[in-house]
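Reading the structure
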Amino acid sequence: MLQVMNATDVRKEWSSVVDATVRVKPQFFKRTRDYVFLSDFRFMEDLLAGYSYSAVRMAEEDGSVTLALNEIDLVENGKDEEDARTKLASAILEYAEDYYSDFSYWGSAPNRKSHIPYVFKALFIGDIQKIGESIQCQAGKI
């Protein structure tokens, strides 16, 4: 059974709750009808580790490369795969920042809810080069 603390107890013992969250395990608490999950960054990084970015790579007639991200509808073209990867990584991070800034809207949109783990993964990585390196590309057709 899930151990859920009362919000009043969490407020009274805030310091020890945070210490337990960081050093022991994530915490759950309830305030009226709301249930809240509290964790540290390392735990969230581990939780999101199972999510990865993948893209279809298409060689264009002009010699450029187009990458189409599978998880989110983003497409970028560059002079070569490295350039396209950097542009796609930048688009992922920009999308994640926009999504998070208006989370109440995008997080409740039925066609965008599946983006949540990818948005948080990008925000946690926070580095265009690292995001680009993490994109797994597979050959596609024009």
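Below you will find a few notes about this structure. Note that this is a predicted model, so its numbers are computed, not measured.

1. Focus: the overall build of the protein
If you tally the helices and strands in the protein, you get seven helices and seven strands. In the protein, the succession of α and β elements from N to C terminus is β-α-α-β-β-α-β-β-β-α-α-α-α-β. Computed over C-alpha atoms, the radius of gyration of the protein comes to 19 Å, more than 25% over the 14 Å expected from 2.2 N^0.38 for 142 residues, which places it beyond the range of a compact globule. For the protein, the C-alpha atoms occupy an extent of roughly 65 × 30 × 25 Å along the three principal directions. Counting only residues that meet the buried cut, the protein has 33% of its 142 residues in that class. When contacts within the protein are restricted to residue pairs at least 6 apart in sequence, long-range pairs at least 24 apart make up 42% of them. Looking at charge distribution, the protein has the averaged site of its 17 positive side-chain charges lying 10 Å from that of its 23 negative ones.

2. As for the pattern of salt bridges
Taken as a whole and judged by the stated rule, the model has six salt bridges. R23 is the partner of D19 in a salt bridge, and the nearest nitrogen-oxygen pair spans 3.6 Å. With D19 and R23 both in helix α2 (residues 14–23) and four residues apart, the pair spans about one turn of that helix. When the shortest N-O distance is used, the salt bridge between D83 and K87 registers 3.5 Å. In this pair, D83 and K87 are both assigned in helix α4 (residues 81–101), four residues apart and thus about one turn of the helix distant. With relative accessibility at 37%, the residue K87 sits in the partly exposed group. Here the residues in one salt-bridge network are R57, E81 and R85, joined through shared partners.

3. Concerning the nonpolar core
Counting residues in each nonpolar core, the largest one holds 21 residues, and the members touching the most others are Y53, L69, L74, L88, I92, A122 and I131. Every element with two or more residues in this core is listed here: β5 (65–69), α4 and α6 (116–125). With nine residues, α4 is the largest single contributor of residues to this core. Those residues within four positions of A122 in sequence are excluded, and the remaining contacts are Y53, I92, L93, A96 and I131. Core analysis: the next-biggest nonpolar cluster, separate from the first, contains five residues, A7, V10, V17 and F29 among them.

Thresholds, definitions, all that
Residues numbered from 1 in each chain as written. Predicted model: local features only at pLDDT ≥ 70, side-chain atom pairs only at ≥ 80, totals over all residues. Heavy atoms only, no water. Helix = DSSP H or I, 4+ residues; strand = E, 2+ residues; numbered from the N terminus. Rg over C-alpha atoms; globule rule 2.2 N^0.38 Å. Buried < 20%, exposed > 50% of the residue type's maximum accessible area, 1.4 Å probe, protein only. Contact = heavy atoms within 4.5 Å. Lys, Arg positive; Asp, Glu negative; His and termini not counted. Charge placed at Lys NZ, Arg CZ, Asp CG, Glu CD. Salt bridge = Lys/Arg side-chain N within 4 Å of Asp/Glu carboxyl O. Core = buried A, V, L, I, M, F, W, Y, C linked by side-chain atoms within 4.5 Å.

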